[in-house]
Amino acid sequence: MIEVEVKVRADHSKIRPILEKIGANKIGIEEQSDTYFAASYRDFAKTDEALRIRSLGGQAVLTYKGPKLDKVSKTREELETPVDEATTAKIFQALGFSEAGVVRKKREVFSAGEIIVCLDAVEGLGEFLEVEINVKDEKDLESSRDQLFKFLAQFGVDENDSIRTSYLEMVLGKRN
């Protein structure tokens, strides 16, 4: 699966009324804690990859994100599977992985047709709007990305507002 995703800074109080006006369906609210891991043999920052365990609602999901596939969005291959958080973290540590950082956020999730809309309040960083479409074939990337930017235009957002930096990179950048 390839996740075509665009992220922008956004004031949620201005976004919610537009979501209501266009008839987006609220799916729910999630408290997420993402623990990212680093490998001693491979610099994920240089390879533009990510390995994380996401904890939400007593469940955990292991996610691998491949390198970004374009220059304007966060489009990338994403592989996920449910895991036992504590056991998986211990396995990673036994294999020489170290914790690279933690990102905590409150996420409100909406659907607007095939587009998933997320209002993220990220601890220490502020408010963001993420929109995404999942595709199976790389031939659909450009049209899906165009569809996301057309959708974002309703919020006064265009391609120049797109943020490709991950939340982890932002959090780590604040420490330096």
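Look above for the structure.
Residues numbered from 1 in each chain as written. Predicted model: local features only at pLDDT ≥ 70, side-chain atom pairs only at ≥ 80, totals over all residues. Heavy atoms only, no water.

**Brief notes about the nonpolar core**
Nonpolar side chains in soluble globular proteins generally cluster together in the buried interior.
Then, in step 1: One finds Leu 19, Val 117, Leu 129, Val 131, Leu 152 and Phe 155 to be the most contacted residues of the largest nonpolar core, which totals 24 residues.
Then, in step 2: Broken down by secondary-structure element, the contributors of at least two residues to this core are β1 (2-9), α1 (12-21), β6 (98-112), β7 (115-122), β8 (126-135) and α4 (141-152).
Then, in step 3: A per-element tally of this core places α4 first, with five residues.
Then, in step 4: Those residues in contact with Val 117 that lie beyond four places of it in its chain are Leu 19, Glu 108, Val 109, Phe 110, Ala 112, Leu 129, Glu 130, Val 131 and Phe 151. (Core = buried A, V, L, I, M, F, W, Y, C linked by side-chain atoms within 4.5 Å. Buried < 20%, exposed > 50% of the residue type's maximum accessible area, 1.4 Å probe, protein only. Helix = DSSP H or I, 4+ residues; strand = E, 2+ residues; numbered from the N terminus. Contact = heavy atoms within 4.5 Å.)

**Focus: the sheet that holds β7**
Within a sheet, neighbouring strands are paired by backbone hydrogen bonds and run either parallel or antiparallel to one another.
Then, in step 1: Read once around its circumference, the closed barrel built from eight strands follows the order β1-β5-β4-β3-β2-β6-β7-β8, with strand pairing classed as antiparallel. Neighbour-to-neighbour, the strand axes of the sheet open up by a mean angle of 35°, direction not taken into account.
Then, in step 2: The pairing of strand β4 (residues 59-65) with strand β5 (residues 76-82) spans five bridges and is antiparallel. Bridge pairing in β5 places Lys 65 opposite Glu 78.
Then, in step 3: Against the sheet, α1 engages β6, β7 and β8, with an angle of about 160° to β7. (Pairing = 2+ DSSP bridges. Axes fitted to C-alpha atoms, helices over the stretch in contact; angles between N-to-C directions.)

**A look at α4**
Then, in step 1: Along its 12 residues, α4 runs 16 Å from first to last C-alpha, staying within 8% of the 16 Å computed at 1.5 Å per residue.
Then, in step 2: For α4, the full list of buried residues reads Leu 141, Ser 144, Arg 145, Leu 148, Phe 149, Phe 151 and Leu 152. In an axial view of α4, the angular spread of the buried residues amounts to 160°, which keeps them on one side of the axis. Along α4, exposed side chains directed more than 90 degrees from the buried face belong to Glu 142 and Lys 150.
Then, in step 3: Buried residues in α4 make contact with β1, β6, β7 and β8. (Expected span 1.5 Å × (residues − 1). Arc of directions from axis to C-beta.)

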